[in-house]
Amino acid sequence: SYSVSSAFDFTPALFPLSTTAGGYTALGAPATPSFDRGGGIENLEKHKTLTYFNGLSLVVGLIIGSGIFSSPSQVNLRVGSPGASLIVWTISGLLAWTGAASYAELGGAIPLNGGAQVYLAKIFGELAGFLFTWTAILVLKPGSAAIIAIILGEYVVRAVIGAEVEEINPWINKAPAFLALFFVTLFNCLSTRFPARIGDGFMIFKFIALFAVTIIGIIAAVTHLSYRGPANTEWRDNGWFDNTSTSISDWAVALYAGLWAFDGWDNTNYVTGEFKNPSRDLPKVLHTAMPAVILCYLLANVSYIFVLPFADMNKSNAVAVQFGSKVFGPIGALLLALVVSLSAFGALNATTFTSGRLVYAAGREGYLPDLFGRIGLSSTNEQQRYTPQKLRTRNSMRKAVERIAGDSDGTLFLTPIPALVLNLLLTTIYIIIGEFRTLITFYGCAGYSFYFLTVLGLIVLRIREPNLERPYKTWIVTPVVFCCVSLFLVSRAVVNEPVQAMVVVAFVVAGIPVYFWRVAGRDGRGGRRGEERSWKFWRRWGRS
Ligand code: ARG
């Protein structure tokens, strides 16, 4: 039988490859108003459907996005030589891999949905978990969506005006960025199925684009054939390390750009609870995905170096377009611009989908005003008050709309619309004030502070609870290396970009009073929704 809740309990059957930040509900808060399900509380973790391959395409699909087509210019600009830039790509890849290995251990030891929020809450207390969610909603999610949208805009504009124009008014780039964001949000508001479906399709584009870049670059280098004169020979004529920068800050900023392209490795951790066999599959997924992506990225970079002179590569963020233009002329530029725009659109879609669920879950938890925990345009409380009669009327009205829209599985408009709108507004602000190169440092600084804290938590947990069952145990050097490098990165950001770092700190600190206002002590007051969550959570994991 059809139920209002059926669409927004976000069963993985509907979203086999989705990132379910909505898994917060797995901590015990009713995932849905369980009106016509016999009062049973729907729990995402009951649906253990994800397999090894689902996990793999989930994480690879999210990691390969805009970064590999745009970050190379930023890396090169900072470190100055092809050899050094390959080193930066290797270091960022390995760093992301050590982070992923550490998260695999945490995911095995604490096999719940929710990712860093759950680990931080278990290890450092609920405030830490809350501040992560708070920062993710205000900074990480909209910030990363803005970066992807800006790259998308830049590529769309390049597709229209070509690769040769050097100075483009940033507002011209931002116009398609707003438009893409608007449409992605609209799709996500319409139905939860649709974005999942188009997400899968876009993933294939990403692989094609990367594969094509590698093959074309190698052919161009070997045959010396290309549209605009012979392929680049700088790499042969000059040394690989000529002009290498010796400034630590340059290397740190270059690393942020590289890490951006590898970012997204924590995404399977949001759905750990939904894996059929998390202790076996989560580490396996991460240990296949990371080396595969590292290899792809290194090959693509070698290919860029073979084709494009260094000075050209630094001119814009649209490295892939310059690459296409150099090899095949205007048609190549257009083709690559389109493929990369589509890839970025896919990434934007995926990240918007997750953001919606993240904000929604926070609303359900009482972390944010109830408005954001609403599905569709009516409140959850209202849905709970429906009598079977009202529900039937409502459902038949909805079915009529679905027939018109051709969406017949009952998911039309049953989406976290207020949450998606909040995300739209925040992302718009970041697109307006931000610019690719500044946003990337900002995002890296905020993101890596929490990655650092979470992986530090792994070490703390090893000391504090040595006997906790850990189906997968990473080599202890892995989290230590990750902590040291990410601490270095965050501290460099504080030195180089004190204003940006201060803004990040201000955002995080602003969450503390909100925590005490909305979350702390609510169990005692018997007030908010999180009550049950806390009880279940601590019964299962103990307060240590
Ligand atoms: N690595 C992706 C890219 O190259 C960005 C991932 C953004 N991170 C995220 N959690 N949404 O575009």
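Residues numbered from 1 in each chain as written. Predicted model: local features only at pLDDT ≥ 70, side-chain atom pairs only at ≥ 80, totals over all residues. Heavy atoms only, no water.

Engineer: With reference to specific residues and values, describe the overall build of the protein.
Structural biologist: Helices and strands together make up the secondary structure of the protein, namely 22 helices and 0 strands. Within the protein, the fraction of its 544 residues that count as buried is 62%. Relative to all contacts within the protein whose residues are 6 or more apart in sequence, the contacts with residues 24 or more apart total 82%. Just so you have it, the protein exposes about 20,400 Å², and 69% of that area is on carbon and sulfur atoms. (Helix = DSSP H or I, 4+ residues; strand = E, 2+ residues; numbered from the N terminus. Buried < 20%, exposed > 50% of the residue type's maximum accessible area, 1.4 Å probe, protein only. Contact = heavy atoms within 4.5 Å. Areas by Shrake-Rupley, 256 points an atom, 1.4 Å probe, with all protein chains shown as cover.)

Engineer: Please provide a residue-by-residue account of the nonpolar core, values included.
Structural biologist: Core analysis: the biggest nonpolar cluster contains 146 residues, and F69, Y155, W265 and Y297 have the highest contact counts within it. With 20 residues, helix 6 (residues 126–161) is the single largest residue contributor to this core. Every residue in contact with Y297, bar those within four places of it in the chain, is listed here: I63, I64, G65, I68, W89, L210, A261 and F262. (Core = buried A, V, L, I, M, F, W, Y, C linked by side-chain atoms within 4.5 Å.)

Engineer: Could you give an account of the pattern of salt bridges, naming the residues involved and the relevant values?
Structural biologist: Summed over all chains, the structure comprises 5 salt bridges. R462 serves as the salt-bridge partner of E105, at 2.6 Å between the closest nitrogen and oxygen. Here E105 is found in helix 4 (residues 82–109), whereas its partner R462 is found in helix 18 (residues 436–464), with 357 residues between them in sequence. Each member of the pair E105 and R462 is classed as buried. For D281, the salt bridge identified is with R280, shortest N-O distance 2.9 Å. Assessed through its relative accessible area of 2%, D281 is described here as buried. (Salt bridge = Lys/Arg side-chain N within 4 Å of Asp/Glu carboxyl O.)

Engineer: Could you give an account of empty space enclosed by the protein, naming the residues involved and the relevant values?
Structural biologist: Throughout the structure, instances matching the rule amount to 5 cavities of 30 Å³ or more. In this structure, the largest cavity spans a volume of roughly 380 Å³. For the largest cavity, the lining is made up of 27 residues, of which K141, S144, D263, N267 and Y443 are closest to its centre. Secondary structure elements with two or more residues in the lining of the largest cavity: helix 2 (52–63), helix 6, helix 10 (248–262), helix 14 (330–365) and helix 18. The element that contributes the greatest number of residues to the lining of the largest cavity is helix 6, accounting for 6 residues. (1 Å grid on protein atoms, 1.4 Å probe; cavity = no way out; pocket = protein on both sides within 12 Å on 5 of 7 lines; lining within 4 Å. Points joined across faces, edges and corners; volume = space filled by probe spheres on them.)

Engineer: Account for helix 17 (residues 417–433), naming residues and giving values.
Structural biologist: Spanning 17 residues, helix 17 covers 25 Å between terminal C-alpha atoms, matching the ideal 24 Å at 1.5 Å per step. Of the positions making up helix 17, those classed as buried are I417, P418, A419, L420, L422, N423, L424, L426, T427, Y430 and I431. On the buried face of helix 17, the contacting elements are helix 6, helix 7 (170–190), helix 14, helix 18 and helix 20 (498–518). (Expected span 1.5 Å × (residues − 1).)

Engineer: Outline the site of the ligand, listing residues and values.
Structural biologist: Near the ligand there are 13 residues, and of these I63, S66, G67, W260 and D263 occur at the shortest range. Between D263 and the ligand, the recorded distance is 2.9 Å, taken from a backbone N or O atom to a nitrogen atom. In the environment of the ligand, a nitrogen atom lies 3.3 Å from a nitrogen or oxygen atom belonging to the side chain of T351. Alone, the ligand offers 350 Å² of accessible surface; in the complex the protein occludes 95% of this. Put simply, the ligand lies in the largest cavity. Contributing elements (two or more residues each) for the shell around the ligand: helix 2, helix 6 and helix 10. Taken together, the residues of the shell around the ligand sort by class into 5 nonpolar, 6 polar and 2 charged. (Near = heavy atom within 4 Å. Polar contact = N/O pair within 3.5 Å; in protein donor to acceptor, adjacent residues only side chain to side chain. Sits in = over half its atoms within 2 Å of the grid points. Nonpolar A, V, L, I, M, F, W, Y, C, P; charged D, E, K, R; others polar.)

Engineer: Which residues make up the side chain of T185, and what are the values?
Structural biologist: Here T185 is to be found in helix 7. Separated by 2.8 Å, the side chain of T185 and the backbone oxygen of L181 make a polar contact. Setting aside residues no more than four positions away along its own chain, T185 makes contact with T352, L420 and L424.

Engineer: Explain the environment of F482 residue by residue, including any values.
Structural biologist: Secondary-structure assignment places F482 in helix 19 (residues 477–496). Judged by its relative accessible area of 0%, F482 is buried. Sequence-wise, F482 and Y451 are 31 residues apart; in three dimensions their C-alpha atoms are separated by 8.9 Å.

Engineer: Account for helix 6, with residues named and values stated.
Structural biologist: With 36 residues, helix 6 extends 51 Å between its outermost C-alpha atoms, agreeing within 8% with the 52 Å of an ideal straight helix rising 1.5 Å per residue. Along helix 6, the sharpest kink reaches roughly 50°, centred on A136. Helix 6 sits mainly inside the fold: 32 of its 36 residues count as buried. (Bend = angle between axes of the 7 residues up to and from the residue.)

Engineer: With reference to specific residues and values, describe the packing of aromatic side chains.
Structural biologist: This structure, assessed with the given rule, holds 20 aromatic pairs. Seen from their ring centres, F183 and F187 are 6.5 Å apart, and the 40° between their planes marks the pair as tilted. In this pair, F183 and F187 both sit in helix 7, 4 residues apart, roughly one turn of the helix. Residue F187 is classed as partly exposed on the basis of its relative accessible area of 22%. Cation over ring: K174 sits above W171, and NZ or CZ is 4.7 Å from the ring centre. In this arrangement the basic side chain of K284 is found over the ring face of Y52, its NZ or CZ atom lying 4.4 Å from the centre. (Phe/Tyr/Trp six-rings, centres within 6.5 Å; stacked < 30°, edge-to-face > 60°. Lys NZ or Arg CZ within 6 Å of the ring centre and 35° of its normal.)

Engineer: Give me a nonpolar patch on the surface: which residues, what numbers.
Structural biologist: A cluster of nonpolar side chains, contributed by L179, F182, F183, L186 and L190, occupies part of the molecular surface with about 440 Å² of accessible area. F183 sits in the partly exposed class, given a relative accessible area of 37%. (Patch = residues over 30% accessible without salt bridge, like charges linked within 9 Å, V, L, I, M, F, W, Y side chains within 5 Å.)

Engineer: Tell me about the packing of helix 6 against helix 17, and name the residues and values.
Structural biologist: With their axes 8 Å apart at the nearest point, helix 6 and helix 17 run at an angle of 60° to one another. Taken together, helix 6 and helix 17 sit at an angle that is classed as oblique. Taken as a pair, helix 6 and helix 17 cross one another with a handedness that is right-handed. On helix 17, the residues touching I137, L138, V139, K141, P142, G143, A145, A146, A149 and I150 of helix 6 are L422, N423, L426, T427, Y430 and I431. (Axes fitted to C-alpha atoms, helices over the stretch in contact; angles between N-to-C directions. Parallel < 35°, antiparallel > 145°, perpendicular 65-115°, else oblique. Left-handed = near helix turned anticlockwise from the far one by under 90°.)

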